[in-house]
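Structural features, examined
Now for the letters of each chain:
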Amino acid sequence: MSEMIEVHDLVKKFGDFYAVDHVSFQVSAGEIFGFLGPNGAGKTTIIKMLTTILKPTSGSIRVDGHDPVRDQHQVRSSIGIVFQDPSLDGDMTALENLQLHGVLYGVSAEDRKDRTEKLLRLVQLWDRRKDFVKNFSGGMKRRLEIARALLHEPKIIFLDEPTLGLDPQTRNLIWNYIRTLNKDKNITVFFTTHYMEEADRVADEIAIIDQGKIVANGVPGALKELTHSESLEDAFILLTGYAIRAEEASTSDRMRTLGKVWGRR
Amino acid sequence: MNVIYILCLRQLKRYFRARSRIIGSLGQPLLFLLAVGFGFGPTFKKAGGGNYIQFLAPGIILMGILFTAVFSGIEIIWDRQFGFLKETLVAPVSRFQIVLGRTLGGATVAIIQGFIILVICLIAGFHIEKPALFPVALLFMFLCALMFTALGTAIGSVLEDMQAFPLIMNFIVMPLFFFSGALFPVHGLPKALQIAIRVDPLTYGVDGFRGALGEVSLFGIGMDLMILGILTVILLAIGSYLFSRIQL
Ligand SMILES: Nc1ncnc2c1ncn2[C@@H]1O[C@H](COP(=O)(O)OP(=O)(O)OP(=O)(O)O)[C@@H](O)[C@H]1O
Ligand SMILES: [Mg+2]
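Residues numbered from 1 in each chain as written. Chains lettered and ligands numbered in written order. Predicted model: local features only at pLDDT ≥ 70, side-chain atom pairs only at ≥ 80, totals over all residues. Heavy atoms only, no water.

**Notes on the overall build of chain A**
Summing up its helical and strand segments, chain A has ten helices and nine strands in all. For chain A, buried positions account for 53% of its 265 residues. When contacts within chain A are restricted to residue pairs at least 6 apart in sequence, long-range pairs at least 24 apart make up 66% of them. Looking at chain A as shown, the accessible area adds up to about 12,200 Å², and 49% of this sits on carbon and sulfur atoms. Counting 35 positive and 38 negative side-chain charges, chain A places the centres of these two groups 7 Å from one another. (Helix = DSSP H or I, 4+ residues; strand = E, 2+ residues; numbered from the N terminus. Buried < 20%, exposed > 50% of the residue type's maximum accessible area, 1.4 Å probe, protein only. Contact = heavy atoms within 4.5 Å. Areas by Shrake-Rupley, 256 points an atom, 1.4 Å probe, with all protein chains shown as cover. Lys, Arg positive; Asp, Glu negative; His and termini not counted. Charge placed at Lys NZ, Arg CZ, Asp CG, Glu CD.)

**What to know about the site of ligand 1**
Residue and element names in this part refer to chain A. In the vicinity of ligand 1 lie 15 residues, with Gly40, Lys43, Thr44, Thr45 and Gln84 positioned nearest. Separating an oxygen atom of ligand 1 from a side-chain N or O atom of Gln84 is a distance of 2.9 Å. At 3.4 Å from an oxygen atom of ligand 1 is found a side-chain nitrogen or oxygen belonging to Glu161. Summarising the interface, the protein chains cover 68% of the accessible area of ligand 1, which totals 640 Å² for the free molecule. Going through the elements one at a time, β2 (17-28) and α1 (43-50) are the ones with two or more residues in the shell around ligand 1. Here the shell around ligand 1 takes three residues from α1, the largest share from any one element. Residues belonging to the shell around ligand 1 are distributed by class as follows: five nonpolar, seven polar and three charged. (Near = heavy atom within 4 Å. Polar contact = N/O pair within 3.5 Å; in protein donor to acceptor, adjacent residues only side chain to side chain. Nonpolar A, V, L, I, M, F, W, Y, C, P; charged D, E, K, R; others polar.)

**A few points about the interface of chain A and chain B**
Tallying the contact residues gives 33 residues for chain A and 32 residues for chain B. Our count for the contact surface shared by chain A and chain B stands at six salt bridges. Residues Glu96(A) and Lys13(B) are paired through a salt bridge, measuring 3.1 Å at the closest nitrogen-oxygen approach. For the side of chain A that touches chain B, the secondary structure elements donating two or more residues are α2 (72-78), α3 (94-104) and α10 (251-261) of chain A. Looking at the side of chain A that touches chain B element by element, the count peaks at seven residues for α3(A). (Salt bridge = Lys/Arg side-chain N within 4 Å of Asp/Glu carboxyl O.)

**Details of the environment of Ile6(B)**
Summarising the element assignment, Ile6(B) is placed in helix α1 (residues 3-17). Judged by its relative accessible area of 3%, Ile6(B) falls in the buried class. Contacts of Ile6(B), omitting those with residues within four sequence positions, involve Gln99(A), Leu100(A), Val103(A) and Met1(B).

**Focus: the pairing of β2(A)**
Residues and elements named next belong to chain A. Note: strand β1 (residues 3-14) against β2, eight bridges, orientation antiparallel. Counted as the bridge partner of Lys12 is Val20 from β2. Between β1 and β2, which follow one another and run antiparallel, lie two residues, and Gly15 among them has a positive phi close to 65°. (Pairing = 2+ DSSP bridges.)

**Section: the packing of α3(A) against α1(B)**
Interhelical geometry of α3(A) versus α1(B) gives an angle of 160° and a closest axis separation of 9 Å. Taken together, α3(A) and α1(B) sit at an angle that is classed as roughly antiparallel. At the point where α3(A) passes α1(B), the crossing takes the left-handed sense. Packed against α3(A), whose contacting residues are Glu96(A), Gln99(A), Leu100(A), Val103(A) and Leu104(A), the element α1(B) presents Val3(B), Ile6(B), Leu7(B), Arg10(B), Lys13(B) and Arg17(B) at the interface. (Axes fitted to C-alpha atoms, helices over the stretch in contact; angles between N-to-C directions. Parallel < 35°, antiparallel > 145°, perpendicular 65-115°, else oblique. Left-handed = near helix turned anticlockwise from the far one by under 90°.)

**A few points about the coordination of the magnesium ion (ligand 2)**
All names here are of chain A. Note on the magnesium ion (ligand 2): its protein donors are Thr44 (OG1) and Gln84 (OE1). The metal-donor distances range over 1.8 to 2.0 Å. Residue Thr44 is found in helix α1, and its partner Gln84 is found in the loop between β5 (79-82) and α3; the two are separated by 40 residues along the sequence. Its relative accessible area of 24% is what places Thr44 among the partly exposed residues. (Donors = N, O, S within 2.8 Å, 3.2 Å for Na, K, Ca; no water.)

**Details of empty space enclosed by the protein**
Gaps left between atoms are located by rolling a probe of water-molecule size over the structure's atoms. Residues and elements named next belong to chain A. In this structure the tally under the stated criterion is six cavities of 30 Å³ or more. Taken as a whole, the largest cavity encloses approximately 70 Å³ of empty space. In terms of lining residues, the largest cavity is bounded by Arg115, Lys118, Leu119, Leu150, Glu153, Tyr177, Leu181, Lys185 and Ile187. Among the elements of the structure, α4 (109-122) and α6 (168-185) are those that each provide at least two residues to the lining of the largest cavity. (1 Å grid on protein atoms, 1.4 Å probe; cavity = no way out; pocket = protein on both sides within 12 Å on 5 of 7 lines; lining within 4 Å. Points joined across faces, edges and corners; volume = space filled by probe spheres on them.)

**Some points on unusual backbone geometry**
Residue and element names in this part refer to chain A. Even without glycine at this site, His22 takes up a positive phi of about 50°. Turning to its location among the elements, His22 is positioned in strand β2. A positive phi angle, near 50°, is found at Asp64, a position not held by glycine. Of note, Asp64 is situated in the loop between β4 (58-63) and α2.

**Section: the side chain of His101(A)**
Inspection of the secondary structure assignment puts His101(A) in helix α3. On the basis of relative accessible area, His101(A) is assigned to the buried category, the value being 3%. Beyond its immediate sequence surroundings of up to four residues, His101(A) is in contact with Arg148(A), Leu151(A), His152(A) and Glu87(B).

**Some thoughts on the nonpolar core**
Among the nonpolar cores identified, the biggest contains 59 residues, and Ile60(B), Leu62(B), Leu66(B), Ile74(B), Phe148(B), Phe177(B) and Phe209(B) are the most heavily contacted of them. For this core, the secondary-structure elements that each account for two or more residues are α2 (19-46), α3 (52-81), α5 (95-123), α6 (134-158), α7 (165-178), α9 (201-212) and α10 (221-244) of chain B. Membership of the second largest hydrophobic core comes to 49 residues, among which are Met4(A), Val75(A), Val107(A) and Val3(B). (Core = buried A, V, L, I, M, F, W, Y, C linked by side-chain atoms within 4.5 Å.)

**With respect to α6(A)**
Residue and element names in this part refer to chain A. Over its 18 residues, α6 extends 25 Å from the first C-alpha to the last, a length consistent with the 26 Å expected when each residue adds 1.5 Å. Considered for burial, the residues of α6 that qualify are Thr170, Arg171, Ile174, Trp175, Tyr177, Ile178, Leu181 and Asn182. The buried residues of α6 occupy an angular sector of 160° when the element is viewed end-on, so they sit on one face. Facing away from the buried surface of α6 by more than 90 degrees, the exposed residues are Pro168, Gln169, Lys183 and Asp184. Structurally, α6 contributes buried residues whose contacts are with β3 (32-36), α4, α5 (138-150), β6 (156-160), β7 (188-192) and α7 (196-202). (Expected span 1.5 Å × (residues − 1). Arc of directions from axis to C-beta.)

**With respect to the pattern of salt bridges**
All told, the structure shown has 25 salt bridges over all chains when counted by the stated rule. Residues Glu145(A) and Arg142(A) are paired through a salt bridge, measuring 2.7 Å at the closest nitrogen-oxygen approach. With Glu145(A) and Arg142(A) both in helix α5, this residue pair falls three residues apart, about one helical turn. Taken as a pair, Glu145(A) and Arg142(A) share a single burial class, namely buried. A network of salt bridges, in which partner residues are shared, links Asp89(A), Asp91(A), Lys134(A), Arg10(B), Arg14(B), Arg21(B), Glu75(B), Asp79(B) and Arg102(B).

Structure, rendered in structure tokens:
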């Protein structure tokens, strides 16, 4: 089996702070890879580097054989991303958001039409397709973002806490679909989550990261064995400790608050 | 459908959907037209300046374009704040295509706004003296719209939040308008003011636009067109450059 993602000795420093501290791992083609870690562990930072958004301080990355720093374009056409933070245009309808995405990714008009209907039905938003996204609930927005990331049928899909704030029904629905896609189309899935049972259930392979370092990886069963735990949650806590990670509000959070203060529409 | 077109279309849709914004940004030009236009009219006439509405209207139309264009460009800040900018920036398309689509969209919106104000000016008693030159007048509207959207893009690419918005209004947009000769004739003014007027890009827009609509042009339409054209290209280049350097 070939490697879809190869990361070697990856480092990202913000000032003197190591957000990602010499990390290496591989993800095979067709695998569902779960990335777990406490708040501030460096998960999003790694996803940003894998998806061309952020430049690494040092180390090497291959995504589908391409370097995200040098071959941005190639990497971008093979991936789909669901960001941790919202990224929809609230002033456009669900359909328009998908249409724009399809055009940006060069999906033909015909495919766009077929897939849009199929995906929107799947995430159960077909009846709301002509509504403005700003009127959607948090869960509906999330479902739309997932549908959008799949519209161009990427080889790899990155999901940064895709099921955050979703009810169990929706989480099930979405994971079932992602697994089906993974089986049928051999799409590689790279996801992060704070729901341990979810990771246990869907991931083929798991890496646990803490303070920028990978502290353990393997199949879920192996991690439980390693720590002699019943559940992945126990294994996770044993591996990463009980301390709560103090996190400053990020700049984007602060900007969002400001946006509200300015009272945009 | 292509990338530039769809991004352009997005700007247009957003504009037509935000009716309060259309009406809101008509407020300022209207206020100037009515209060300043009719208020100063008699004084202007007594001083031998002729019909003040004829003199003022071109400047007011470009004012509407200036405000709308800069604001369209600055919308990048909102898109960044609400996360949508990421969606476009990680797509497999060049930043140049994105910035071009956005800028053309913003400029189109600004021109539409200019047209609405033109119609209002016509209702308020403004005449187009030389209809044959109207295509040239359109060209001036287009160049101003493009130039100021590019300016907005440049500003929006550098700023991270809207805190600086009043600063931009008071130290960039308003001065651009007030020093453009939109409100008063530029000859016979103190030296310092003359210099400010000469370096304001909008001066050449107002002057040429006025000429094309049949009023007196100070520098000549050809000269205005050339200066404006060059400045537009420069600002487009700066805007695209700064946009291409946005870090998420
Ligand atoms: N642009 C930045 N500038 C400075 N520090 C940053 C920046 N981005 C992230 N960090 C820091 O890097 C660390 C890792 O952040 P990251 O967002 O990757 O965490 P995470 O594992 O995704 O956490 P969460 O589960 O809360 O999403 C944090 O300490 C964060 O404060
Ligand atoms: Mg994160």
